[in-house]
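Working through the structure, step by step
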Amino acid sequence: MKDVKSYIEQHKNRFLDELVELLKIPSVSADPAYKNDVIKTAEAIKSSLEKAGCDSVEICDTPGYPIVYGEKIIDPKLPTILVYGHYDVQPADPLELWTSPPFEPVIKKTEIHPEGAIFARGACDDKGQMYMHVKALEFMTSTGQLPCNVKFMIEGEEEVGSESLSWYVKRNQEKLSNDVILISDTGMIANDIPSITTGLRGLSYVEVEVTGPNRDLHSGLYGGAVANPINILTKMITSLHDENNHITIPGFYDNVEELSLEERAEMAKAPFSLDNYKKALDIDEVYGEKGYTTNERNSIRPTLDVNGIWGGYTGEGAKTVIASQAFAKISMRLVPNQDWKEITELFKNHFESIAPKSVTVKVKPHHGGQGYVTPIDTIAYQAASKAYESTFEKTPIPQRSGGSIPIVSLFEKELKSKTILMGFGLNSDAIHSPNEHFGVFNYLKGIETIPYFYKYFTEMNK
Ligand code: BES
Ligand code: MN
Ligand code: MN
């Protein structure tokens, strides 16, 4: 790649300014109040793809939020890279915990990012990482160095389950045909320890509802004599793990892929400091499934977590009441070979079966998806690895992540192609949390590394 470093040096202020503008639009897909902003973001991305050199860009309507599709086909005989990303973001709450407003991006220095990081909702997940690809394309087209065909597909519903994207992909297989899918929506170990994400966990997300008496009751007049749905719900939730933190749902582990000791030993070679991990989270001890390390617990093992729980009186002061209902949102992170629909069914049956007769229980499945593993003995992985070597001067470490991008397994099923996850975020970048940020170093390094992937992938395919 000729002059990629100097091109970035010359244009970096504009690259940052453009991202800042994109981050100002609050494209929160979960909350209908932001509908116009989500659509406005799609339009902004369309125009950025046009400026970066795509030949045709369209905003594709779906039953939900639109998909921005753009392409530049230089020669049908050359390989085609399909870039996927998302322009929607998580809700910013709780707002009071942000040190600067979530949609007024500012660059601040941090211990981990001495060169500064952009603070804003979506900075890392995924506007910043998605926009690296737009700027990498700009570099390649404007310097005449685009070596292959490229298609962009940027969606607006990733944070709420990608339903419209599934709809779109199933209807556009021909149009989306490609040789590899390239995504930057994950992380790496550290700025001086590059890594490539080789696995994603699957997900099953459910909401449960426990109903007791037909109205809220006086907790003195009725307390002790009827089931309290909140007491019952917490008891039921507690019973979902045993004393070893194993999940107790019958059949839950049946299809879990067990890694060999060799594979686990290989994983354990990745640099990791438990002390720093605990310090970063202000905890005295970690917690999890017996027999597995922290890194195993959050990548190759399935989990079950309550994400939210409510019911009864939570206002000021005290109100003596037995609530009629209690609720919880529960997520299960799944590993390869666990089928998310099957797991959802197992959960539903089990949860209903452990409910005492004094309450009724409803389980409402939300959304989910399959896990994914990227093989490393492929041209695509080798090309990615070489790309990092060119810009970080280090061989990247393959590492499975605990997060989920459920659409990736659908891509494999519908488009028959593998995905390469070149993520440049850090775990400390606070995605989904207050004060999300993305390092300026990471943003620019991503823009620098991506064109090398194009180059090596094209060369290795010859
Ligand atoms: N980009 C994340 C997933 C991610 C982050 C994977 C870091 C690996 C490392 C994505 O936007 C996300 O948040 N996914 C959701 C699932 C989705 C169905 C809401 C998740 O993992 O909770
Ligand atoms: Mn994301
Ligand atoms: Mn996310």
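Quick caveat: nothing in here was measured; it's all calculated off a predicted structure. (Residues numbered from 1 in each chain as written. Chains lettered and ligands numbered in written order. Predicted model: local features only at pLDDT ≥ 70, side-chain atom pairs only at ≥ 80, totals over all residues. Heavy atoms only, no water.)

**Examining unusual backbone geometry**
How we decide: Numbering of helices and strands starts at the N terminus; helices are DSSP runs of H or I of at least 4 residues and strands are runs of E of at least 2.
Residue Pro94 follows Asp93 across a cis peptide bond; omega there is 0 degrees. Note on placement: Pro94 falls in the loop between strand 3 (80-86) and strand 4 (106-108). Here the bond from Asp125 into Asp126 is cis, since omega is 0 degrees, no more than 30 degrees from zero. The phi torsion at Lys416 lies on the positive side, around 55 degrees, for a residue other than glycine. With respect to the secondary-structure elements, Lys416 resides in the loop between helix 11 (407-415) and strand 17 (419-421). Although it is not a glycine, His432 adopts a positive phi angle of roughly 70 degrees. Following the sequence through the fold, His432 ends up in the loop between strand 17 and strand 18 (437-439).

**Overview of the pattern of salt bridges**
What counts here: Salt bridge, as used here, is a side-chain nitrogen of Lys or Arg placed within 4 Å of a carboxyl oxygen of Asp or Glu. Residue burial is assigned from relative accessible area. The probe radius is 1.4 Å, only protein chains are included, and a residue is buried under 20% of its type maximum, exposed over 50%, and partly exposed in between.
One pass over the full model with this rule turns up 25 salt bridges. Of the charged contacts, one joins Arg14 and Glu138 as a salt bridge, the two residues approaching to 2.6 Å between their closest N and O atoms. Pair noted here: Arg14 is in helix 1 (residues 4-23) and Glu138 is in helix 3 (residues 127-142), with a separation of 124 residues, a long-range link. Among the residues examined, Arg14 registers a relative accessible area of 31% and is labelled partly exposed.

**Here we look at the coordination of the manganese ion (ligand 3)**
Let me state the cut-off plainly: For Na, K and Ca the donor cutoff is 3.2 Å, while for all other metals N, O and S atoms count as donors only within 2.8 Å; water does not appear among the atoms, so some sites may look incomplete. In short, tetrahedral needs four donors with all angles between 85 and 135 degrees, square planar needs four and octahedral six donors with opposite donors over 155 degrees apart and all other angles between 65 and 115, and whatever is left is irregular.
The protein atoms that coordinate the manganese ion (ligand 3) are Asp125 (OD), Glu159 (OE), Glu159 (OE) and His432 (NE2), at distances spanning 2.1 to 2.5 Å. Considering all six donor atoms around the manganese ion (ligand 3), the spread of angles at the metal, 56 to 154 degrees, places the coordination shape in the irregular class. The sequence pattern describing where the donors of the manganese ion (ligand 3) fall on their chain is D-x33-E-x272-H.

**What about the sheet that holds strand 18?**
For clarity, the threshold we go by: Here, any two strands with at least 2 DSSP bridges between them count as paired. In this description, a line fitted to the C-alpha atoms serves as the axis of each element, helices being fitted only across the stretch in contact, and the angle between N-to-C directions of two axes falls anywhere from 0 to 180 degrees.
Reading across the sheet, the three strands line up as 4-5-18 and stay open at both edges, with antiparallel pairing between neighbours. Where the open sheet ends on each side, the last strands, each with one partner, are strand 4 and strand 18. The mean inter-strand angle of the sheet, taken between neighbouring strand axes irrespective of direction, is 30 degrees. Relative to strand 18, strand 5 (residues 117-119) runs antiparallel, the two being bridged by three bridges. Its bridge partner being in strand 18, Ile118 is matched across the sheet by Phe438.

**Things to note about the nonpolar core**
When a protein is soluble and globular, its nonpolar side chains tend to lie buried together. So the rule is basically this: Buried Ala, Val, Leu, Ile, Met, Phe, Trp, Tyr and Cys residues that are joined via side-chain atoms within 4.5 Å together make up what is termed a nonpolar core. Pairs of residues are marked as contacts when any of their non-hydrogen atoms sit within 4.5 Å.
Formed by 64 residues in total, the largest nonpolar core has its most connected members in Ile81, Tyr87, Phe152, Ile420, Tyr443, Phe453 and Tyr454. Looking at this core, the elements that each hand over two or more residues are helix 1, helix 2 (35-52), strand 3, helix 3, strand 6 (149-155), strand 7 (180-183), helix 10 (379-392) and helix 12 (440-460). When residues in this core are grouped by element, the largest group, ten residues, is from helix 12. When neighbours within four sequence positions are excluded, Tyr443 is seen to be in contact with Phe15, Leu16, Leu19, Gly128, Tyr131, Met132, Lys135 and Phe438. Ile247, Ile330, Met332 and Leu334 belong to the second largest nonpolar core, which has 28 residues in total.

Bear in mind that shape data such as this cannot, by itself, settle questions of function.
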